[in-house]
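# Summary of the model geometry
Residue strings, one per chain:
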Amino acid sequence: MGAWGSGLYQCDEAADVKEAFADTVKLPVDVDELVARVARKCGLGTDPTSEDEVDGWLVIADQLHLFGLDHDPTFQTARHIIDSGADLHCKEELEMSARDLKKRAQVLQDLKTKWAAPHPKPRKRKMMNGPEKYLFDIGDVWIMPAMDGSPVPFDWYDYDPSTIGDHYTPNGWAGFAVFDRWRHEDFYARYLIGILHITGPEKPALADAPDLPIRHVTDKIPYLDANGDLQERDVVSEAVYTAYVRTPTKTLRLWEAEKLGSLGTVDADLLLASLKGEFKDVHTPRDGVASIEHLMTLGSFHHKILGGKDAASMLSAAPDMPLSRFLGD
């Protein structure tokens, strides 16, 4: 964690806990379970007054107050962090300036004052009705029209969506195979997918699927050399990921995706054991770290814009990773 601001949400730890709370508050669980899940997800609970935890507990308390939720143990912990001076001590250890420490002290007192009364307009807690429905079955192969191997992206942050046609013209196909599925935290649908490398303009048939290779992804990773200069190195990993679908009602429709068919029995354990890339443990944790919308558009024009002249991720075939290698009898 780095102390880079005196405000409550001006450090990486606080931002991460806020995001985890926003994700977890949607679950149909009571407040005790809500706090327990957020704490578990963020690694909190060993020592609330330590450098690694002070921000997290303050954020949980503040988010509970925002939603009008009462949880006395959390507010007691948060007030103790403030009254004991633990938070200011940790910030001082992180070399926060005297000026910012003074600002931080005021922030903490303002939090206590705010928490002393119910929130005047608490945010409505919109909870899920139950576990997310699965979109894909194990063994499914899905395909969609693509430009240079990527379906149309819809992260509209860096360009006007009305001009999408100026950038995107399908000239082939993209696709993925589903090797496993489960529900993270008993609610969120997660999938183990292998992204396929499909060449040529012709739509593949299900009979062609076993011969399709999983992709390699070459990421440009920045690092500082011995002189302190910024350099880049290429890291190649197989495009096998744990993924979630960010907008289930929109994604497949926007992509004009279709289920090509089912491969039958697939061997997820063999697939994972076959990974050689440096990022295999980063890309395949069971909790799911990336959306399928992001993963399928790694080679899109959007990423080329963000990455400058060269795309941030270069795509190629992994010839030793055809789907047939991972099929049952």
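All values derive from a computational prediction rather than experimental measurement. (Residues numbered from 1 in each chain as written. Predicted model: local features only at pLDDT ≥ 70, side-chain atom pairs only at ≥ 80, totals over all residues. Heavy atoms only, no water.)

Tallying secondary structure elements over the protein chain gives 12 helices and nine strands in all. Once the C-alpha set of the protein chain is aligned to its principal axes, its extents read approximately 65 × 55 × 45 Å. For the protein chain, the residues scored as buried account for 47% of the 329 residues in total. Of the accessible surface of the protein chain, which amounts to about 16,700 Å², a share of 50% is contributed by carbon and sulfur atoms. (Helix = DSSP H or I, 4+ residues; strand = E, 2+ residues; numbered from the N terminus. Buried < 20%, exposed > 50% of the residue type's maximum accessible area, 1.4 Å probe, protein only. Areas by Shrake-Rupley, 256 points an atom, 1.4 Å probe, with all protein chains shown as cover.)

Moving on, we come to the side chain of R37. With respect to the helices, strands and loops of the structure, R37 is situated in helix α2 (residues 31-42). A residue is classified by how much of its surface remains accessible, and R37, at 7% relative accessible area, is buried. Residues within four places of R37 in sequence aside, it is in contact with T24, L27, V29, E185, D186 and F187. (Contact = heavy atoms within 4.5 Å.)

With that settled, consider the packing of helix α1 (residues 12-24) against α2. With their axes 10 Å apart at the nearest point, α1 and α2 run at an angle of 140 degrees to one another. Between α1 and α2, the angle falls in the class oblique. Of the two possible hands of crossing, α1 and α2 adopt the one that is right-handed. When α1 is examined against α2, the residues E13, D16, V17, A20, F21, D23 and T24 are found in contact with a partner set consisting of L34, R37, V38, K41 and C42. The class makeup of the residues in the contact of α1 with α2 is six nonpolar, one polar and five charged. (Axes fitted to C-alpha atoms, helices over the stretch in contact; angles between N-to-C directions. Parallel < 35°, antiparallel > 145°, perpendicular 65-115°, else oblique. Left-handed = near helix turned anticlockwise from the far one by under 90°. Nonpolar A, V, L, I, M, F, W, Y, C, P; charged D, E, K, R; others polar.)

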